[in-house]
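# Structure at a glance
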Amino acid sequence: MTEPTLLAPVIREAARNAKLMTIENEQAYSVLLVLTDGKIDDVDQTIDTLVEHAADAPLSIVIVGVGGGNFEDMMRLDGDEEAGGCLVSSEGKKCPRDLVQFVPFRKYSKTMSHLTAETLAEIPLQLVTYFMSKGIRPTPPDDATGTH
């Protein structure tokens, strides 16, 4: 992995693509997986992008920190510890929902099932929170088999 590490443009593009997918299917939802070895160089811009562009997109972002780097910035992006679980942009706007999950690989690398569980842990609630905020209800099953 090379320097500099800029996440804001990647997240902006992922949010744009996720929004485009809802044109054909309002129940479309995307997950962006980011693997990083440490510090990002645009953390403030990334927070602004999360709040201004990604929070209203059908998108969850999972960041997996690999190696022994400093993951302080990734923990900030997760938002679980800051402002009561809420990211705040440089203009003071609060992120209306949690959409980032940070997982330090080294903490869970010994047991793949724990790594998997931690990586996916927040996605169901993030998805439901997004759909509820947009008034999107589940599509009822077509027949007795429960298929769509």
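A brief report on the enclosed structure follows. (Residues numbered from 1 in each chain as written. Predicted model: local features only at pLDDT ≥ 70, side-chain atom pairs only at ≥ 80, totals over all residues. Heavy atoms only, no water.)

### Here we look at the overall build of the chain
Helix and strand counts for the chain stand at six helices and three strands. When the elements of the chain are put in sequence order from the N terminus, they spell out α-β-α-β-α-β-α-α-α. Here the chain has a C-alpha radius of gyration of 16 Å; the compact-globule value for 148 residues is 15 Å, and the two agree. Sequence separation of 24 or more characterises 78% of the internal contacts of the chain that already satisfy a separation of 6 or more. On the chain, roughly 8700 Å² of surface is accessible, and the fraction owed to carbon and sulfur atoms is 56%. Distance between charge centres in the chain, computed from 13 positive and 23 negative side chains, equals 1 Å. (Helix = DSSP H or I, 4+ residues; strand = E, 2+ residues; numbered from the N terminus. Rg over C-alpha atoms; globule rule 2.2 N^0.38 Å. Contact = heavy atoms within 4.5 Å. Areas by Shrake-Rupley, 256 points an atom, 1.4 Å probe, with all protein chains shown as cover. Lys, Arg positive; Asp, Glu negative; His and termini not counted. Charge placed at Lys NZ, Arg CZ, Asp CG, Glu CD.)

### Overview of the environment of P138
Position of P138 relative to the elements: it lies in the segment after α6 (123-133). Look at P138 and you get exposed, because its relative accessible area is 68%. (Buried < 20%, exposed > 50% of the residue type's maximum accessible area, 1.4 Å probe, protein only.)

### Regarding the environment of L120
Mapped onto the elements of the fold, L120 is located in helix α5 (residues 112-120). Along the sequence, L120 and S60 sit 60 residues apart, while their C-alpha atoms lie 10.0 Å from each other.

### Comments concerning the pairing of strand β3 (residues 100-104)
With five of five residues buried, β3 lies mostly within the body of the structure. Residues of β3 alternate between two faces, with V100, F102 and P104 on one and Q101 and V103 on the opposite face, all of them buried. Two strands pair when backbone bridges link them, and strand β2 (residues 59-65) and β3 are joined in this way by five bridges, in the parallel orientation. Looking at β3, one finds that I63 is bridged to F102. (Pairing = 2+ DSSP bridges.)

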